[in-house]
Amino acid sequence: MRKLLFCLLILTSAAVNAQLAKYDVNNDLKVNSADVVEIYNYIITGESEDPDPSDATYTVNDVSFKMIVVEGGTFQMGQSADKNDVTPVHSVTLSSYSIGETEVTQALWTAVMGSNPSNWKGDNLPVEKVSWNDCQTFITKLNQLTGKTFRLPTEAEWEFAAKGGTKSQGYTYSGSNTIGNVAWYYSNSSSKTHPVATKQANELGIYDMSGNVYEWCQDLYGSYNSSAQTNPTGPTSGSTRVNRGGSWYDDAGNCHTANRYRITPASTLSFLGFRLAF
């Protein structure tokens, strides 16, 4: 049956090419063998080799989480400020990727790991008191459960998403120039974390990239330089890992989209969590 289907597709493509030839003045409207193979595979498996990227929801042990597609583009990373670690501003070009709609919740962490290390407990609160090393263990187990390749975002991916990607409006904080609209921080947090996605989302529909908890990135910490970069992954050596976004503990200045923080990868703090990427 499959051989018959493949033969029919070959014959159909020949007929289509004969009709296209009547109108194809540039000789570039042809169905080739690769097209036939892709159509055949799609009919048999229901999967395209080059699917259109779209947001997707995943479920692990009855806990669901959503990943947001960030269309690739070029942006100015860093900020012109008196803080040396966010300068110089430099051009970064990124390929498309996906990032978590929210910080990883305690419900998802528990569904994967079977325990909850957080200081404040609640299914929809962001998990905290997890080290960079703990995050790697979690991601390994999550990938085994899902068959996917989740990871931490690079620092550049994190900042591009926080700034709104190709839809950026140039806000100081992730989604607004008014921090209270988008962030739980020192002045409104009552000194604790809050459920994810209870503040306004940014331009891409991503929540809490300013405030609530700092978020681990994959990169080792290093100084910026002025050179343009494509898909940077940070320095190859160092003793600390990057955290981004500010937290319930921080003032507004630490919650802007370019702010950087660093800490040793074994550290666990009640204002430090993470979100996923792939």
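Notes on the structure follow. (Residues numbered from 1 in each chain as written. Predicted model: local features only at pLDDT ≥ 70, side-chain atom pairs only at ≥ 80, totals over all residues. Heavy atoms only, no water.)

## Describing the sheet that holds strand β3 (residues 73–77)
Strand order in the open sheet made by the 3 strands is β3-β4-β7, with mixed pairing throughout. Each end of this open sheet is capped by a strand with a single partner; those strands are β3 and β7 (229–230). As judged from the 5 bridges shared by β3 and strand β4 (residues 90–94), these two strands associate in the antiparallel manner. Bridging from a neighbouring strand, Phe75 pairs with Val92 of β4. (Pairing = 2+ DSSP bridges. Helix = DSSP H or I, 4+ residues; strand = E, 2+ residues; numbered from the N terminus.)

## Digging into the pattern of salt bridges
Counted under the stated rule, the structure contains 6 salt bridges. Put simply, Glu155 and Arg260 hold a salt bridge, and the shortest N to O gap is 2.7 Å. Of this pair, Glu155 sits in helix α5 (residues 155–162) while Arg260 sits in strand β9 (residues 260–263); the two residues are 105 residues apart in sequence, bridging distant segments of the chain. Residue Glu155 is classed as buried on the basis of its relative accessible area of 4%. Arg275 is paired through a salt bridge with Glu215; the nearest N and O atoms lie 2.7 Å apart. (Salt bridge = Lys/Arg side-chain N within 4 Å of Asp/Glu carboxyl O. Buried < 20%, exposed > 50% of the residue type's maximum accessible area, 1.4 Å probe, protein only.)

## Quick notes on the sheet that holds strand β2 (residues 63–70)
The strand order β1-β2-β5 describes an open sheet built from 3 strands, whose pairing is antiparallel. Either end of the sheet is taken by a strand with one partner, and the two such strands are β1 (56–60) and β5 (97–100). Within this sheet the neighbouring strands show an average axis-to-axis angle of 35°, counted without direction. When β1 meets β2, the two strands line up antiparallel, connected through 5 bridges. Within β2, the position partnered with Ala56 by the bridge is Met67. Sheet strands touched by helix α3 (residues 106–113): β1 and β2. Its angle to β2, the strand with the most contacts, is close to 115°. (Axes fitted to C-alpha atoms, helices over the stretch in contact; angles between N-to-C directions. Contact = heavy atoms within 4.5 Å.)

## What about helix α4 (residues 132–146)?
Taking 1.5 Å per residue as the helical rise, α4 with its 15 residues ought to reach 21 Å, and the 21 Å between its terminal C-alpha atoms agrees with that figure. Regarding α4, the residues found buried are Trp132, Cys135, Phe138, Ile139, Leu142 and Asn143. Along the long axis of α4, the arc covered by the buried residues comes to 135°, so they all point the same way. The inward-facing, buried residues of α4 contact β1, β2, α3, β6 (214–220) and β8 (241–244). One side-chain oxygen at the N-terminal end of α4 lies 3.3 Å from the backbone nitrogen of Asn133; it belongs to Ser131. (Expected span 1.5 Å × (residues − 1). Arc of directions from axis to C-beta. Polar contact = N/O pair within 3.5 Å; in protein donor to acceptor, adjacent residues only side chain to side chain.)

## Focus: α3
For α3, the buried fraction is high: 6 of the 8 residues fall into the buried class. Every buried residue belonging to α3 is among Gln106, Ala107, Leu108, Trp109, Ala111 and Val112, and all of these are buried. On its buried side, α3 packs onto β1, β2 and α4. Phi turns positive, to about 85°, at Gly114, one or two residues after α3.

## Overview of the packing of aromatic side chains
Under the criterion given, the structure shown has 14 aromatic pairs. Between Trp109 and Phe138, the aromatic rings sit 4.9 Å apart at their centres with planes inclined by 0°, giving stacked as the arrangement. Within this pair, whereas Trp109 is found in helix α3, its partner Phe138 is found in helix α4, the two being separated by 29 residues in sequence. Grouping residues by exposure puts Trp109 and Phe138 together as buried. Look at Tyr214 and Tyr261: their rings are 4.9 Å apart centre to centre, the planes differ by 25°, and that puts the pair in the stacked class. With a gap of 47 residues between them, Tyr214 in strand β6 and Tyr261 in strand β9 connect regions that are remote in the sequence. Judged by its relative accessible area of 32%, Tyr261 falls in the partly exposed class. Aromatic rings pair up to connect Trp120, Tyr214, Trp248, Tyr249, Tyr261 and Phe271 into one cluster. Here the guanidinium or amino end of Lys199 rests over the ring plane of Trp184, the centre of that ring lying 4.3 Å away. (Phe/Tyr/Trp six-rings, centres within 6.5 Å; stacked < 30°, edge-to-face > 60°. Lys NZ or Arg CZ within 6 Å of the ring centre and 35° of its normal.)

## Thoughts on the pairing of β8
The alternating pattern of β8 places Arg241 and Asn243 on one face and Val242 and Arg244 on the opposite face, and all of these are buried. Pairing between β8 and β9: 4 bridges, direction antiparallel. Bridge assignment links Val242 to a residue of β9, and that residue is Arg262.

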